[in-house]
Amino acid sequence: MSNYDYKDALETLSYIQKFLPFTPEIAVTSGSGLGDIAALVENPVTLSAEDVPHWPTSTAPGHSGKIIIGKIHGKPVILLQGRVHYYEGYSLKAVTFPVRVLAMSGVKTYIATNASGAVNTSYLPGEIIAVKDHINLMDDNPLLGPNESRWNERFPDMSHAYDAGMLKVFADLGLKTGIYAAMSGPSFETPAEIRMLRLLGADVVGMSTVPEVIVANAMGIRVAVLSCVANMAAGVDPDHTLSAQEVLDAMKTHSQKLAGIIAELIERL
Ligand code: HPA
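The structure contained in this document is the topic of the report that follows.

The rules behind these values
Residues numbered from 1 in each chain as written. Predicted model: local features only at pLDDT ≥ 70, side-chain atom pairs only at ≥ 80, totals over all residues. Heavy atoms only, no water. 1 Å grid on protein atoms, 1.4 Å probe; cavity = no way out; pocket = protein on both sides within 12 Å on 5 of 7 lines; lining within 4 Å. Points joined across faces, edges and corners; volume = space filled by probe spheres on them. Nonpolar A, V, L, I, M, F, W, Y, C, P; charged D, E, K, R; others polar. Salt bridge = Lys/Arg side-chain N within 4 Å of Asp/Glu carboxyl O. Helix = DSSP H or I, 4+ residues; strand = E, 2+ residues; numbered from the N terminus. Buried < 20%, exposed > 50% of the residue type's maximum accessible area, 1.4 Å probe, protein only. Pairing = 2+ DSSP bridges.

Glancing now at the layout of surface pockets. In this structure, the second largest pocket encloses a volume near 200 Å³. Lining the second largest pocket are 14 residues, and of these Lys93, Arg100, Pro146, Glu148 and Trp151 lie nearest its centre. A class-by-class count of the residues in the lining of the second largest pocket yields seven nonpolar, three polar and four charged.

Turning our eyes to something else, we now look at the pattern of salt bridges. Considering all chains together, one arrives at six salt bridges under this definition. Here Glu11 makes a salt bridge to Lys7, at a shortest N to O gap of 3.6 Å. Here the residue Glu11 and the residue Lys7 both occupy positions in helix α1 (residues 6-17), the gap between them amounting to four residues, near one helical turn. Residue classification places Glu11 among the partly exposed residues on the basis of a relative accessible area of 36%. By relative accessible area, which is 56% here, Lys7 ends up exposed.

Taken across its ten residues, strand β5 (residues 109-118) has ten buried, putting it largely inside the fold. As judged from the four bridges shared by strand β1 (residues 26-30) and β5, these two strands associate in the parallel manner. Within β5, the residue paired with Ala27 across the bridge is Tyr110. Examined bridge by bridge, β5 and strand β9 (residues 222-232) share ten bridges and lie parallel to one another. Paired with Asn114 across the strands is Ser227, a residue of β9. Summarising the sheet, β5 and strand β8 (residues 204-206) pair through two bridges and their orientation is antiparallel. Following the sheet pairing, Gly117 is matched in β8 by Val205.

Put into structure tokens, the structure is as follows:
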């Protein structure tokens, strides 16, 4: 039984450290269908999530997740392929447990990718958006509960949650920026909810990443998030029906482009 606490994280860390030939500087978490990033890793050592103590594994069959250790552009990287989600029934402590362990391993830069729906109608499927801020509408926070002071202070600042330096690299690469609204899912939003998100200032909507960003910031890690627009959000085209398959197909199509941007970012870090 895992509590996803500091003691569990020490056990997980000591297991992973047996496979770490270096202190990883950069961690990359890739979301659904965004697997091409793994091909960038030189001399990879791959761990299966289910072999790692306390590591949360996806409830979707065949999507157990991998941890890939190696170098990209000569920089020590740890790549988490696949994440677990709040909508699977995991607590946000479980969802963010990998980020806790990464921070304890020495990671200083956290790069995450996800799939999203475009709330802002000037964004189109296939576009990669550099997330510059978020709105947490999951109605939960991974830091709720008694504070673990060995991990973070009680009230972490979130004024600069997305690293300005990495956003500058994305701007140089010509990417648009946007505000990501996190919903719990797993149902897609209603058209009325999407209109609400638009009024709130959201550009894209998704069901992940924000808890990871909160924990990474709390632990002093700089963060970049790239969101691949899979579909126009609910109601933008009233005749359109949303499906998970559509999201996965879009991610497959654009995974290579996203991997290229991450490689470019890591080279410039
Ligand atoms: N809504 C929420 N999450 C998503 C969407 C969406 O439209 N597309 C991909 N992930």
